[in-house]
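One-letter residues, chain by chain:
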Amino acid sequence: CAGQTTAPSAPRQADDWQRQQARLEALDTWTLAGKVGLRTPRDNTGANLDWTQTPQHYRMLISGPFGTGRSVLEGRAGAVKLTTGDGTFRASSPEALMQQQLGWSLPISALDYWVRGLPAPGAAHDETRDDLGFPAQLRQAGWTIAYRDWTYAGGLWLPRRLVMTYDDIRALLVVNEWQPGQADTAP
Amino acid sequence: DPASVERLTRLLEPLKTYSADFDQQILDASGSSLQDTSGHMWLSRPGHFRWEVNEPYRQIVVSNGQEVTLYDPDLEQATIQPLDDRVTHTPALLLSGSASELAQNYEVTGQQQGTGETFTLKPKANDTLFEQLKLTFYSEKLGMLQMTDSTGQRTAIKFDHAEVNGNIDPDKFRFEIPASADVIREQSPATP
C-alpha cells in the first residue's frame, strides 16, 4: 500500500525554515495524498485528493470513497483538462474549468506554491510568521492561507494542514502523505 | 448467461457476513495508479457494511441498512445519505445485498482460471456509475472486485485474510458521529 513518510526525528526548530527555503523553492516534483474540504454558504463538500506534480505536468484526482464520483484535473503548459464521469472538458484555466464542471474551484494556479508554504510569484502578498519562523499566515490574491500543521517528509518540513479562506468560502487542505521529489506516474 | 448467474448466486448466497483487509487502487485507462488506499471491510447481509480506510489516511463509511454515514476525521465532516438500494449503484451492497437481484440488474458471464473464477457483470440499466464490474473468487472465496467506468478508469479492490460467516459485533454497523464534526445530510442516495 502507500509508502510511509519518515517520522520527524525532532520537532521543528527555529531556523529550519530558513535552512530549507531554497530547497523548497526548487521543489517542482511531488506526489501527495490527502483531503480537500470546501464550505460555502450553499455548499459543504469533502473529497480525497491525490496530486502528482512534475515541472511540465500536474494531475489531481478528486474522489470519494471507493473512488466514486471522481474527477481528474490535468494541466500541461497552459492547457487544462478535467475528466469526470460525464466526459472530458477543457479550458484555459483550471479555476474556470472546475467552476463550470464541479460547481466549485480552488485557486489551483497558486496552490502549487501555497501547498509548499510559499507565495505564488507575480502577485503581491504579505505574510506573518510563527515563533519558529515558519509561515503562519499568507495573504495573496484575496485569499488568506493559514498554516495549521506541518509534517516532515523527504528531509523537508511541509505543510500538513492549510485553511484557505476567501470572502465566505473556506477551503481546507489536509496532506496526509507527502512524497517530495517523487512522481512515479508522470506521463 | 444463466449458468454463470446461477454459479455466482451460489457463491454469494452462503455469504452472510464477510470481513477482510482490502487494498484499493484507482488506475487510469493506461493502468497507472492514481490512488492507493488500504484498510478493513466488514459486511453483513443485507445492506450492512463498514469500510474503514487506514492508509494513507483515515476515513470510515458505515451502512446500517438504511443510511450510509461517511466520516472523515481530517475534515471533521460526516455525510449521511439514504442507502441506495439499487444494487447497480452500490457495489458494496452487491456483496451484502440479495444475490437474486443480481440476475435482474446485470448481464453475467463467468470464466474459470485454475482455482480462480472471474465473473464479469454489465449493468442492464445504463445510468450506473460503472460500465463493468468484475468479481474474482479464489477457491470459492471472494478475492477481488473491480469496477471500470466509462472513461476507462478502474477501481481495483483486493481482499486478504478474509473471514466468511464469522460473527461480527452489530456495533460495527453503527457509527457515533463525534460532536465536533460538521454533519451534512444529503437526500441523494449514497453510492458507496
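To start, this report covers the structure provided alongside it.

Brief notes about the overall build of chain A
What chain A contains, in helices and strands, is three helices and 11 strands. Taken from N to C terminus, the helices and strands of chain A fall in the order α-β-β-β-β-β-β-α-α-β-β-β-β-β. Against the 2.2 N^0.38 benchmark of 16 Å for 187 residues, chain A shows a C-alpha radius of gyration of 16 Å, consistent with a compact globule. The principal-axis extent of the C-alpha atoms belonging to chain A is close to 50 × 40 × 30 Å. Across the 187 residues of chain A, 52% fall into the buried class. Of the contacts made within chain A by residues no fewer than 6 positions apart, 43% connect residues no fewer than 24 positions apart. Of the accessible surface of chain A, which amounts to about 8100 Å², a share of 49% is contributed by carbon and sulfur atoms. The distance from the centre of the 18 positive side-chain charges to the centre of the 19 negative ones in chain A is 4 Å.

Observations concerning the side chain of Thr40(A)
Residue and element names in this part refer to chain A. Within the secondary structure layout, Thr40 lies in the loop between β1 (30–39) and β2 (44–54). Its relative accessible area of 14% is what places Thr40 among the buried residues. In contact with Thr40, other than residues within four places in its own chain, are Asp168 and Ile169.

So, the sheet that holds strand β6 (residues 87–91) of chain A
All names here are of chain A. As summarised here, the arrangement of the 11 strands in space is β6-β5-β4-β3-β2-β1-β11-β10-β9-β8-β7, forming an open sheet in which the pairing is antiparallel. Each edge of the open sheet carries a strand with a single partner, namely β6 and β7 (125–129). Neighbouring strand axes in the sheet, compared pairwise and without regard to direction, differ in orientation by 20 degrees on average. As paired elements, β1 and strand β11 (residues 169–180) share 10 bridges and run antiparallel to each other. By the bridge assignment for β11, Ala33 is matched with Glu177. Where helix α1 (residues 16–26) meets the sheet, it contacts β7, β8 (135–140), β9 (143–153) and β10 (156–166), and its direction lies at approximately 85 degrees from that of β10.

Considering the pairing of strand β5 (residues 79–84) of chain A
All names here are of chain A. When strand β4 (residues 71–76) meets β5, the two strands line up antiparallel, connected through five bridges. Pairing of Leu73 across the sheet is with Leu82, part of β5. Where β5 lies against β6, five bridges are found, and the strand directions are antiparallel. Looking at β6, one finds that Thr83 is bridged to Thr88.

Section: the interface of chain A and chain B
Taken together, the contact pairs 34 residues of chain A with 35 residues of chain B. Broken down residue by residue, the surface that chain A buries against chain B is led by Lys35(A), Phe66(A) and Arg70(A), which jointly contribute 29%. In this structure, the connection of chain A to chain B is made through 15 residue pairs in polar contact (both at pLDDT 80 or more). Of all the secondary-structure elements, those providing two or more residues to the side of chain A that touches chain B are β1, β2, β3 (57–63), β5, β10 and β11 of chain A.

Describing the nonpolar core
Formed by 43 residues in total, the largest nonpolar core has its most connected members in Trp51(A), Leu73(A), Leu106(A), Trp114(A) and Met164(A). Membership of the second largest hydrophobic core comes to 35 residues, among which are Ala33(A), Phe22(B), Leu70(B) and Phe137(B).

Some thoughts on unusual backbone geometry
All names here are of chain B. Cis peptide bonds are those with omega within 30 degrees of zero, and the linkage from Arg45 to Pro46 qualifies with -5 degrees. At the junction of Glu55 and Pro56, the peptide bond is cis and its omega measures out at -5 degrees in the coordinates. Along the chain, the position of Pro56 falls in the loop between β3 (48–55) and β4 (59–64). Phi angles above zero are rare outside glycine, and Asn165 is one such case at about 60 degrees. With respect to the helices and strands, the residue Asn165 is situated in the loop between β11 (154–164) and β12 (182–185).

Quick word on the sheet that holds strand β2 (residues 33–44) of chain B
Strand pairing in a sheet relies on backbone hydrogen bonds, with the paired strands running either antiparallel or parallel. All names here are of chain B. Taken together, 12 strands build an open sheet; the order of strands is β7-β8-β9-β10-β11-β1-β2-β3-β4-β5-β6-β12 and the sheet is mixed. Unpaired on one side and paired on the other, β7 (106–113) and β12 mark the two borders of the sheet. Each adjacent strand pair in this sheet contributes to an overall mean axis angle of 20 degrees, direction not counted. Looking at chain direction, β2 and β3 are connected through seven bridges and run antiparallel. The residue bridging Met41 from the neighbouring strand is Trp51, located in β3.

About the cut-offs
- Residues numbered from 1 in each chain as written.
- Chains lettered and ligands numbered in written order.
- Predicted model: local features only at pLDDT ≥ 70, side-chain atom pairs only at ≥ 80, totals over all residues.
- Heavy atoms only, no water.
- Helix = DSSP H or I, 4+ residues; strand = E, 2+ residues; numbered from the N terminus.
- Rg over C-alpha atoms; globule rule 2.2 N^0.38 Å.
- Buried < 20%, exposed > 50% of the residue type's maximum accessible area, 1.4 Å probe, protein only.
- Contact = heavy atoms within 4.5 Å.
- Areas by Shrake-Rupley, 256 points an atom, 1.4 Å probe, with all protein chains shown as cover.
- Lys, Arg positive; Asp, Glu negative; His and termini not counted.
- Charge placed at Lys NZ, Arg CZ, Asp CG, Glu CD.
- Pairing = 2+ DSSP bridges.
- Axes fitted to C-alpha atoms, helices over the stretch in contact; angles between N-to-C directions.
- Buried area = accessible area lost by both parts, 1.4 Å probe.
- Polar contact = N/O pair within 3.5 Å; in protein donor to acceptor, adjacent residues only side chain to side chain.
- Core = buried A, V, L, I, M, F, W, Y, C linked by side-chain atoms within 4.5 Å.

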